[in-house]
Structure formats: structure tokens, C-alpha cells
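# An overview of the molecular structure
If you want the building blocks of each chain, they are given just below.
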Amino acid sequence: MARSDAAEKLRGDARYVGDMVVPRMLHGKVLRSPYAHARIVSIDRSAADAMPGVVAILTGADLLDIDPYFGHAIKDRPIVAIDVVRFAGEPVAAVAATDEATAEAAARAIVVEYDELPIVGTIEEALAPGATLVHDQPLRPGAFHGLGTLAERDGNICYRYTIDRGDVDAVFAAADIVVEDDYVFPGVYQYAMETHSVVAQVDSDGITIWATCQHPFLVRAEIAALFDVPLGRVRVIVPYLGGGFGSKSYTKMEPITVALARKAGRPVRIVNRVDESMVTTRRHNMTARVRTAATSDGCLLARDVKAWFDTGAYADNGPRVTATGGDAAPGPYRWSAIRVDAACVYTNTAPSGSYRAFGASHLQWAGELQVDEVARRAGIDSIEIRRRNLLRPGELVRPGGKPLDADLVGDLEKVAEALGWSGEKDPDTGRGVSVGLLAAGAHPVSSAVVRMEADGGAVVLVGSTEVGQGQRTAFAQIAGEVLAMPAERITCQGTDTRFTPYDRSTGASRSTTLAGLAVQRAADAIRVDLLDIAATVWPGDPGAIELRDGAAWHGDESRTYPELIAKRFGLSGGQLIGEGGVHPEGTGSYAEGPVFWEVCIGAAEVHVDRETGQVIVHRTATVADVGRAINPQLVERQDEGATMQGIGNAMFEEMVYVDGQLLNDNLLEYRIPTIEDLPMHSSCVIVENEDGPGPFGAKGCGEGALAGIIGAIATAVADAGVPMTELPFTPERVWRRIQELKEEPS
Amino acid sequence: MRIALELNGAQTSMDIEPQEFLLDVLRDDLSLTGAKRSCDTQVCGSCTVLVDGAPVSACSYLAAETDERVVTTIEGFRDTPAFEPIAAAFTRQAALQCGFCTPGMVLTIHALLEDGELTDEASIRRGLAGNLCRCTGYRAILDAVSEVVAARMAR
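Residues numbered from 1 in each chain as written. Chains lettered and ligands numbered in written order. Predicted model: local features only at pLDDT ≥ 70, side-chain atom pairs only at ≥ 80, totals over all residues. Heavy atoms only, no water.

## Things to note about the side chain of A:Thr513
All names here are of chain A. Test applied: The way it works is that DSSP assigns letters per residue, a run of H or I at least four long becomes a helix, a run of E at least two long becomes a strand, and they are numbered from the N terminus. Exposed residues in this analysis have more than 50% of their type's maximum accessible area, buried residues have under 20%, and partly exposed residues fall in between, with area computed by a 1.4 Å probe over protein chains only. Throughout, a contact is declared for two residues whenever any of their heavy atoms are within 4.5 Å.
Residue position: Thr513 is located in helix α14 (residues 511–537). On the basis of relative accessibility, which here comes to 1%, the residue Thr513 falls in the buried class. The residues contacting Thr513, other than those within four sequence positions of it, are Val595, Phe596, Pro693, Gly694, Pro695, Ala698, Lys699 and Gly700.

Put into C-alpha cells, the structure is as follows:
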């Protein structure tokens, strides 16, 4: 089925938050700190106040009547800076004016006097003895971290995730092969093309916001808590989003926009520039020390990982990213001992949050490089070592939690075949594979309502967000399949928390799996209702009635859905309403998790130019292990998009920070992939083993390929003779490594 | 200052500030929101509109420069016959996801097709390098445009 939103988007009719205009709306602009760490001595707003068209100016002093700190994991972030700024780009004030140019000019006219403080600009600086503390108050847990009991802050470390199983030191001491190295993953910007944008309206009805958010119900909860308003009086409306990839998960620009609208007494719209969104959220940079122990014949024994995730000045989703990274660190192998110590570290840089396949993207490539190195020393092939050591379905991935629910060996063989693994190649060409697992699904709470209208069409109400993945199309297909009617007659629109039922979040590849399951159950309630009505048409033989082609059939006789609804309600009006939900059931709790293991698998063929250090990605292949593809075309698009983002992450994307200042905060200097970076050959294999927990055996996709492709490019470049331990693989970095290798005794 | 232009087939005159960019005039004054703002630096192509048939980045193009010229936005192009084959190929290939880049992409493709610049895969890669798409990974866009090119050549 074609995307239900194709025409709207092609014709330029699809409305995004930045296109929204509400009556009496003002335009907001944010004044941001130029310093990475400083005390605010004074704020002089008199010149800005005097400018014609300026309606309101918000500073920390306007927030004395509320607890102005938010954060779903750790409540550490003020709506605007209060007394101190902790990163360059932190909001210090905001202006609402009658037009955007006036708001911007007024924001520039505010004079802030700062007293600079020492900064910790890197993980190393933050961990050094006696390091300046980014936060000096006790840690306050947020309402939605889902990580059990949070420990107290330890210096600049705000969260720690550990796994300790087996006698790691003893296994390493006895192992034939030990591989160890340090790895660096850069800060990366998600670059959803639409920047963070919010329209907020505060009046006696409560708070209404139109927001670029992936998690409308979590934003609602944070806004309700911040401004002390009942949940039912906070209304979050989410139209189309111009991409998310995690950058719009949790709460971002909503609180400052609401606070400004509250001060102005009129609706306010804030649309970030790209440079502002780049300091609103990003992917964690990470350093890690990874060790792998194995026998001389390539049997993997133990893995030991220490990793530090730079969460910037505020935790955002850092704790969850750190935990997921910790889960991904061992890799999907049968270890006899594992030790993981992953720390989430504050620094004076922009806050880091979610980005597609977080955790797995950070660490899978490092572990996979070591698996290949073990294979090289053991004298076996990259495919063979994985075939021998990969977990089989039903085996435990980590202590506790869901056993493996995917056929990794089967996926590996498919991805290798799709790439053309065994073909001839020259010495400058490298091929690599990488396999990993990502704890997916987040918290399993979703609900949906399906309404069948009197004309036999239906409406799906669901609280997860259409970020571009095509969920509205997929939900219509799921409901259509249950209701035995064409998906084209089923409409699914955006979230409005006043009317759409609760959904926990949009991310972690969960929408088709969990919201989709809720839609399936809601549609099933209507199916049962339709059969009940039909049973009054043909009494005495309910088992002989079936739903087909938008009608109930009994032998050769049929009643269309509109006829059945008219029979129920007596007139041609009325509506059948079905509700469906998913919540943590049985023993599979969130703490034990995950909802499912997303397979992160990719293969790549690269060419390395030894003179220039330039790496070209010629071929890629991915496997979308989705259980059941509700819409195969949309599944392929997910993997293709993730592949390209993986190429960007691996080859050139990198936020360059020096002394707490982001140097490349624009698309000229921060390069993302263009169509010219598309490999000459790329393919996606869909695997449908119906082994997922979602509707019809489906499970999510769209993230795994990103981690898979980063890992595959890393192992492919190593296969061409250049093992790299720092991403991205820019020509300069690769060239330097080639020179180092020439000097090293082999 | 006052400018007079042909906008989406209609003669239009309006008062603008000399420093105003075309994207602001289109979006804020004329409510033509099909052109999107993203990078603001002529890199991403999501604000692409046509001036005298040539694609320009409206985010960085002075509105004053459109005086006496012909401006086409997606709101004008979508009701012309040339829109249909591009839209059909994009729909068939699902060559869009979030849709934010799509109107700009469609206008660039149309302009390049009219100029005969799209003939093979290499020319499509070269021609569309100024229109970023973060969602699709470009494979489907390449396939959709290849279809349109092939259909035109077969005519």
C-alpha cells in the first residue's frame, strides 16, 4: 500500500509546527549564552524592553513561583538559566514580539554580564581529580527514567550502568588471545531537517502547545508538573514532524515557549535555527576501553568494557543511552564472563540525548573490530567466527531480561550473501560485517481507539507520532487487516493529547510493535462488535458468520458495515468504538526488558585510497529482521535511511568542540550525506520469521541498520588493512593511521 | 519598496523591505508554507522555489530580486501537468518520509528535467546533491527520478 500521506507531502499541504499560526500569536527568540560555564552577574533588559513591538521578556527571575527544573531522567535543567550557565548556547532569556525580526533584535539588545568559571570541556577533564563540577546540587531523579533507583551523583558522573557476570579477570588471565584497545565516538547531530519548533498558548483553559515532539504524553506530564496544571488541562498537539531520529524525544523547547507565552499573555511561536537546534540536543560522544578474550581456535570467552558517555551540561536521556550502550557492549555472543562499566558524564557542552540506535551505534563497531581481530589471529573467516559464537534463539542475552528472539546466524548469512561476500577483490578493497543487538521497545505502554463511522470508514486514534516512518499508513493497514476492509478507508491523524489515548513514546522502534498492537486490539473490539450485530441478523448460527470485504457474510448473504451500524443505532448515524491497550504483562516487566531485541546488522564493501586516506563505501547490505513486514516498502525505507545515517556517522559527521565551543554549528561545516554519498549498490533483505511481540508477529525496525552499518564500515576498513579506533573515518584520520601502521613493526 | 512579479501564474504586486528574503515573504506574508526553512545557508534545498524556472534557495534569495520575474512555488507547480509524473513516481517508490524536503526536491527535479540535465544516474546524483533528505537514504529518490527520466526519454 502506498503511503497515505504521500499526496499531502508532495503537494506541500502537510503542515508542520513552523507552519502553524494561531490568533494573536507572537514570535519568540531566545538569547543564548556565549560562555560554556559562567555565573550570571546581571541582566539589563531595559533597551530591549523599550523596543516597539516587544511584548514580553523572560529571564530566570520570572520563574520564582514555580520549581523551574525539568528532565525526565534527572531534574537538572532550568527552563532558562538561573544564576549560572553550563554550556555555550544555553538559553538565558527569551523575547516575545510582534514579529521575528523584532524579537531577534530585542534579544540581541539584552545586556548580560557574566563572570566566567573554569570549564570541563571533555570527558577526561570532567573525570580528572578535583575537576570543576558542572552540577553541585544533589541529584533529583526525574519521573520517567525507568532505571530503578538512581544513585547519588559521583563528581561529574550522573549515572552508572554495570554488568558483572563470571570471573572476568581469571578468564582473561588464562586466554590464548586477548585483544584490547581504546575507541572514540564523536558527538553527532541528528539533523532532523525541521528544527525544534513550538507554539504555546496559556489561558484559563490551561496550556495548549503545538510541538515537534516524539513523546507528546511525556512532554504533557513535564509541562503539567512544571507549571502545576492538571494533566487534562495540558494539551499537546503534534502535526507532521520533519524528522526526529531521537532529537525530538522527551522535552526540549516546550517549557521555555510555555513560560514565555505565560509571561506575554498571548500565544508564542519559537522556531529554532539549525545552530540553536544543534545545541538543543545531540548524540553523546563516547570514549571506551574494550577488551576481548578468546581461545586460539576463535572461541569467544570474555569481554570487558569501560565506557564514558558525554551527556553535556544536562542529563537529558543520557542515563538511558548509557544503559543501552552497556547492554549493547558485549555483543550478541555466548560469553562465559562479561564485565561492563558504563558511566554518564556531565561536561560543559550541549546536552546529549537520543539518536537512532543509541548505545549500539556507540559500541558495536568497537566490539566487532575485536571479533575480527580474534578471527584473524585464530586464522578463521569473519563469517565463521560469528557463526560459531553468535547466540541462538532462546539464549539469554544478558542476565535477566528477554531471551534472544531472532535468528542471528540466519541474518548473518543473508547479509553476507546480499553484499557479495565471497567475490574477488583487490587489496585496497575491504569487506566487513557487523552484528549486534539493541534493547528495543522502551516501556510497553500504548493505547489506541478505533472508531468505525456510519459509512463504514474508520478512524484510528493513537498517541504516537508520525515522524516520517509511515506509522499512519501502517496503523491503517493493521486495522484494515483486522476489520477485513481496505486500509484506504481508514484515517489516522496526529496526536492531540486531549483526544488521542495515551502512548508512552515514539522511538526505540516501538510504534508498529506496541502502538500497532494496541491498534490491532482496538480494531478487534470493533470486529467483535460487528459480529455481535451480525448475529442478530442471522440468529442461531454465529460461528458461520465471517467478515470479508467490508461486510459480514453468512453463506451468500451479506450485510455491509454501514448496514450493520444502522441496525445497531436505528438511524444512519452512530459509531462503533473499540479500545485496545498494551501494558507490562506477566513477567516481562520493563526492568527485565526489553520488549524485543532489535537486530543491528550490516555489511559493507569499501575502497581505501592509501595515498589520500579517502574511503569510499561501494556497497552496503542490511537485514531488516522484522518478524512480519506490515508494509515491506516502508521497512526498506527505514533500513535505507538508517544506512545513509550510518554512512554519515562513520565517514564524516562530527561536532567539533574546542574549550566548550561548538565550532561547526551549521550545515556548511557540519556535513551530512547527500545523494552523491549513496553507495553504488545497497540492498535490504527483509526477514519475516513472525517472532516479534507486535501485531501478526511483527517487531520494530529502523534503528539497527545504523549501528550495523557503522560497524560494517569499520570492519571493512580494517579488512583493507587500516584498523581505525576513532570515528569518523575522515581522509586525514585514515591517512595518519596508514602512516602510523607503516612505522609500527608488524 | 514595491515589487511586481508573476507568482504561481498570477500577477502580484506587494510592498517589501529591501533586505527581506524571499522565503520570509512567501511563508510569513503570503502563507505559502510549502517551501521549508532548515539550514538557512543554501545547503539543504528544502526552501527551493523556481525563479524564471531556475531553482533558487529562497532562504538566501532577496525578495527584491523577484521584481518583474516569474516565481513558482510548490503551491503553483502542483496543479500543472508536469507535477503528476514526478508525484506518481515518488508515491510509487515511497520516495519520501517526513516530507519536509519533498516540495523543494520536486521543484529541483522539475527544473532539471526541463533543462534536459537529467539523463542518467550520474546526472541525477549530481543534480540533486543540493537537496538533502535525512530520512529516505536517497535510494528511493534515485529510483523515482530514474523512472521519470526513463518515461520522458521513451516519449
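Next comes the rest of the account.
## Considering helix α3 (residues 100–109) of chain A
Residues and elements named next belong to chain A. Put simply, the rule is: Relevant arc is that of directions from the helix axis to the C-beta atoms, nothing else. Any N or O atom pair separated by 3.5 Å or less is treated as a polar contact, with the protein-specific requirement of one donor-capable and one acceptor-capable atom, and with residues adjacent in sequence counted only for side-chain atom pairs.
Of the positions making up α3, those classed as buried are Thr102, Ala103, Ala106 and Ala107. Projection of α3 onto a plane perpendicular to its axis shows the buried side chains occupying an angular sector of 135°, all on one side. Every exposed residue of α3 that faces more than 90 degrees away from the buried side is listed here: Ala101 and Arg108. Residues of α3 that are buried in the fold lie against β1 (26–32), α2 (46–49), β3 (54–58) and β7 (91–97). The backbone nitrogen of Ala101 lies 3.1 Å from a side-chain oxygen of the residue at the head of α3, namely Asp99.

## A look at the interface of chain A and chain B
Where interface size is quoted, it is often the accessible area lost as the parts come together. This is how it is decided: Accessible area that two parts lose when put together, with a 1.4 Å probe and added across both, is what the buried area reports. Just to be clear on terms, a salt bridge is a Lys or Arg side-chain nitrogen sitting within 4 Å of an Asp or Glu carboxyl oxygen.
Residue-level contacts link 48 residues of chain A with 48 residues of chain B. For the pair chain A and chain B, the summed buried area comes to about 4,100 Å², and 57% of that belongs to carbon and sulfur atoms. Broken down residue by residue, the surface that chain A buries against chain B is led by A:Leu10, A:Met193 and A:Ile675, which jointly contribute 22%. Our count for the chain A to chain B interface comes out at five salt bridges. Between A:Asp13 and B:Arg78 there is a salt bridge whose closest N-O contact spans 2.9 Å.

## Some thoughts on the sheet that holds strand β28 (residues 615–625) of chain A
Residues and elements named next belong to chain A. For clarity, the cut-off: DSSP bridges decide pairing: two strands pair if at least two such bridges lie between them. Here, axes are lines fitted to C-alpha atoms. For helices the fit covers the stretch in contact, and angles between N-to-C directions go from 0 to 180 degrees.
An order of β18-β27-β28-β31 is seen for the four strands of this open sheet, with the pairing classed as mixed. Each edge of the open sheet carries a strand with a single partner, namely β18 (429–440) and β31 (681–687). Taking each pair of neighbouring strands and ignoring which way they run, the sheet shows an average axis angle of 15°. Summarising the sheet, β18 and strand β27 (residues 596–608) pair through 12 bridges and their orientation is antiparallel. Bridge assignment links Ser434 to a residue of β27, and that residue is Gly602. Lying over the sheet, helix α17 (residues 704–719) contacts β18, β27 and β28, oriented at roughly 35° with respect to β27.

## Here we look at a nonpolar patch on the surface
Definition in use: Patches draw on residues past 30% relative accessible area with no salt bridge. Two like charges within 9 Å are joined, as are two nonpolar side chains (Val, Leu, Ile, Met, Phe, Trp, Tyr) within 5 Å. What sets the accessible areas is the Shrake-Rupley method with a 1.4 Å probe; for residues, cover comes only from the shown protein chains.
A contiguous nonpolar surface patch, about 230 Å² in accessible area, is contributed by A:Val656, A:Val658 and A:Leu663. Relative to the elements of secondary structure, A:Leu663 occurs in the loop between β30 (661–662) and β31.

## So, the sheet that holds strand β26 (residues 575–582) of chain A
Either a parallel or an antiparallel arrangement is found when strands of a sheet pair, and the pairing is made through backbone hydrogen bonds. All names here are of chain A. Taken in spatial order, the four strands line up as β21-β20-β19-β26 in an open sheet, and their pairing is mixed. Sheet topology places β21 (490–492) and β26 at the edges, where each strand pairs with a single neighbour. Within the sheet, the average angular offset between the axes of one strand and its neighbour, ignoring direction, is 20°. Pairing of strand β19 (residues 446–453) with β26, which is carried by eight bridges, proceeds in the antiparallel orientation. Opposite Glu453, over in β26, you have Gln575 as the bridge partner. Contacts from helix α15 (residues 561–569) reach β19 and β26, with the element oriented near 100° to β26.

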